[in-house]
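Results of the structural survey
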Amino acid sequence: MQGRRALVATHVLDEPVGFAMTEQLGRIEWLCELSVHPIHGRRGIGAALVEAVARAARGRGCDRIGLSTFRAVPFNAPFYARHGFFEMPLDRAESLLVRRFRDEVPADVDPAERVLMIKML
């Protein structure tokens with residue numbers, strides 16, 4: 001496992017408006033967090049960050065991007081599905097991904113509310 005990396009999207013005045021935090025797990029680039037400031041939402045910044053993560057991951061020899069997120073929140077799983085991610089059932093996922101998924105489920109959240117998603121590169 002490597003250290004975490006951050007990609008930052010900036011406004012024309014060089015002010016940060018969004019970021020993606022990733023960590024490499026073998027040949028999988030794990031998207032730890034993606035965030036865009038709400039006043040800059042719905043302008044393609046999140047999509048651009050996902051594409052930048054994909055380019056960087058390919059450059060490091062990764063063949064997939066993985067993440068865990070909330071299933072029903074509109075700017076979570078549906079957003080990622082629109083950008084090429086698909087749900088990976090836990091019973092079909094490799095153990096590394098299952099462990100990471102379970103580690104990210106908050107203690108007070110039903111794991112069924114979360115989803116493991118993969119994007120092939």
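Quick look at the structure, then. Please read all numbers here as calculations on a predicted model, not as lab measurements.

1. Here we look at the overall build of the chain
- Check the secondary structure of the chain and you find three helices and six strands.
- Reading the secondary structure of the chain in the N-to-C direction produces β-β-β-α-β-α-β-α-β.
- Taking 14 Å as the expected radius of gyration for a compact globule of 121 residues, we find that the chain reaches 14 Å, a close match to that expectation.
- Summarising its shape, the C-alpha atoms of the chain cover approximately 45 × 30 × 25 Å along the three principal directions.
- When each of the 121 residues of the chain is scored for burial, the buried share is 40%.
- Long-range pairs, those at least 24 residues apart, make up 58% of the contacts in the chain with a sequence separation of at least 6.
- A total accessible area of about 7,100 Å² is found for the chain, and carbon and sulfur atoms account for 54% of it.
- The chain carries 17 positive and 15 negative side-chain charges, and their two centres are separated by 5 Å.

2. Section: the environment of leucine 34
- With respect to the helices and strands, leucine 34 occurs in strand 3 (residues 28-36).
- In this structure, the C-alpha to C-alpha distance between leucine 34 and phenylalanine 19, residues 15 residues apart in sequence, is 5.8 Å.
- Among all residues touching leucine 34, those that are not within four sequence positions of it are Phe19, Ala20, Gly46, Leu49, Val50, Phe79 and Tyr80.

3. Some thoughts on the packing of aromatic side chains
- This structure, assessed with the given rule, holds two aromatic pairs.
- Consider the rings of tyrosine 80 and phenylalanine 85, whose centres lie 5.3 Å apart with planes at 75 degrees: the pair is edge-to-face. Here tyrosine 80 and phenylalanine 85 have matching classes, each one buried.
- Grouping aromatic residues by their ring pairs yields a cluster made of Phe79, Tyr80 and Phe85.
- The residue whose ring lies beneath arginine 114 is phenylalanine 70, and the NZ or CZ to ring-centre distance is 4.5 Å.

4. Things to note about the side chain of lysine 119
- On the secondary structure map, lysine 119 appears in strand 6 (residues 114-120).
- Despite being buried, lysine 119 has no salt bridge partner; glutamate 51 is the closest side chain of opposite charge, sitting 5.2 Å away.
- Of note is the side chain of lysine 119, whose polar atom sits 2.7 Å from the backbone oxygen of histidine 83.
- Apart from the residues within four sequence positions on either side, lysine 119 is in contact with Asp63, Arg64, Ile65, His83, Gly84 and Phe85.

About the thresholds
- Residues numbered from 1 in each chain as written.
- Predicted model: local features only at pLDDT ≥ 70, side-chain atom pairs only at ≥ 80, totals over all residues.
- Heavy atoms only, no water.
- Helix = DSSP H or I, 4+ residues; strand = E, 2+ residues; numbered from the N terminus.
- Rg over C-alpha atoms; globule rule 2.2 N^0.38 Å.
- Buried < 20%, exposed > 50% of the residue type's maximum accessible area, 1.4 Å probe, protein only.
- Contact = heavy atoms within 4.5 Å.
- Areas by Shrake-Rupley, 256 points an atom, 1.4 Å probe, with all protein chains shown as cover.
- Lys, Arg positive; Asp, Glu negative; His and termini not counted.
- Charge placed at Lys NZ, Arg CZ, Asp CG, Glu CD.
- Phe/Tyr/Trp six-rings, centres within 6.5 Å; stacked < 30°, edge-to-face > 60°.
- Lys NZ or Arg CZ within 6 Å of the ring centre and 35° of its normal.
- Salt bridge = Lys/Arg side-chain N within 4 Å of Asp/Glu carboxyl O.
- Polar contact = N/O pair within 3.5 Å; in protein donor to acceptor, adjacent residues only side chain to side chain.

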